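Notes for the structure review
Read off the chains here:
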Amino acid sequence: MEIKTSRHPLVNTLANTNLIRKPHSIREVEERNRCRPASDVVLITEVWELTTAEYRSFCNSCLESRPEFRGKGGYAEYNGARFSSVIALCCQNRPTLLIDPEGCDYARYIGLLHKF
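Thresholds, definitions, all that
- Residues numbered from 1 in each chain as written.
- Predicted model: local features only at pLDDT ≥ 70, side-chain atom pairs only at ≥ 80, totals over all residues.
- Heavy atoms only, no water.
- Pairing = 2+ DSSP bridges.
- Helix = DSSP H or I, 4+ residues; strand = E, 2+ residues; numbered from the N terminus.
- 1 Å grid on protein atoms, 1.4 Å probe; cavity = no way out; pocket = protein on both sides within 12 Å on 5 of 7 lines; lining within 4 Å.
- Points joined across faces, edges and corners; volume = space filled by probe spheres on them.
- Phe/Tyr/Trp six-rings, centres within 6.5 Å; stacked < 30°, edge-to-face > 60°.
- Buried < 20%, exposed > 50% of the residue type's maximum accessible area, 1.4 Å probe, protein only.
- Core = buried A, V, L, I, M, F, W, Y, C linked by side-chain atoms within 4.5 Å.

A word on the pairing of strand 4 (residues 75-78). Alignment of strand 4 against strand 5 (residues 81-90), held across 4 bridges, turns out to be antiparallel. The residue bridging Tyr75 from the neighbouring strand is Ser84, located in strand 5.

And the structure:
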């Protein structure tokens, strides 16, 4: 996956989501999000813009090892409070995914960005 980072309006934004632990595919994340309201507040610390092919590849193999995730995620402070630090994976005409690898080399937690 080629990562294209940019200064984006979502950087340093709090968002509501349901972080799903170790989902095998995005379908699993979507199904769980339909069943319950968003309960996790996360801080978007990076935004990566993906091509359609990169996005599709990620969605079909969420647990695949990806070195670019290593050392990312975990917790970040914002206005004196701690939040899960997530990477927003964006692709045109696709739902934005929120990834917290917790320092690992795979997407340990994945959520969907709810419209705000």
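We now examine the layout of surface pockets. When its volume is computed, the largest pocket comes out at roughly 200 Å³. Every residue lining the largest pocket is listed: Ser25, Ile26, Arg27, Glu30, Tyr55, Arg56, Cys59, Asn60, Arg94 and Pro95. Of all elements in the fold, only helix 1 (26-35) and helix 2 (52-60) reach the threshold of two or more residues within the lining of the largest pocket. Sort the elements by how many residues they give to the lining of the largest pocket and helix 2 lands first, with 4 residues.

Per the stated rule, a full pass over the model turns up 2 aromatic pairs. For the ring pair Trp48 and Phe69, a centre distance of 5.6 Å and an interplane angle of 15 degrees mean the geometry is stacked. Of this pair, Trp48 sits in strand 3 (residues 40-49) while Phe69 sits in the loop between helix 2 and strand 4, placing them 21 residues apart in sequence. With a centroid separation of 6.1 Å and an interplanar angle of 85 degrees, the aromatic rings of Phe58 and Phe69 are classed as edge-to-face. In this pair, Phe58 sits in helix 2 while Phe69 sits in the loop between helix 2 and strand 4, placing the two residues 11 residues apart along the sequence. For the pair shown, Phe58 and Phe69 are each scored as buried.

Structurally, the position occupied by Ser85 is in strand 5. Of the residues examined, Ser85 reaches a relative accessible area of 7% and is grouped as buried.

To continue, consider the nonpolar core. Judged by nonpolar contacts, the single largest core of 18 residues is most densely connected at Ile26, Phe58, Phe69, Leu89, Leu97, Ile99 and Ile110. Counting residues per element, the ones that place at least two in this core are helix 1, helix 2, strand 5, strand 6 (97-100) and strand 7 (109-112). Broken down by element, the residue count for this core peaks at 3 residues, all from helix 2. Judged by nonpolar contacts, the second largest core, of 13 residues, contains Leu10, Leu19, Val42 and Leu113.

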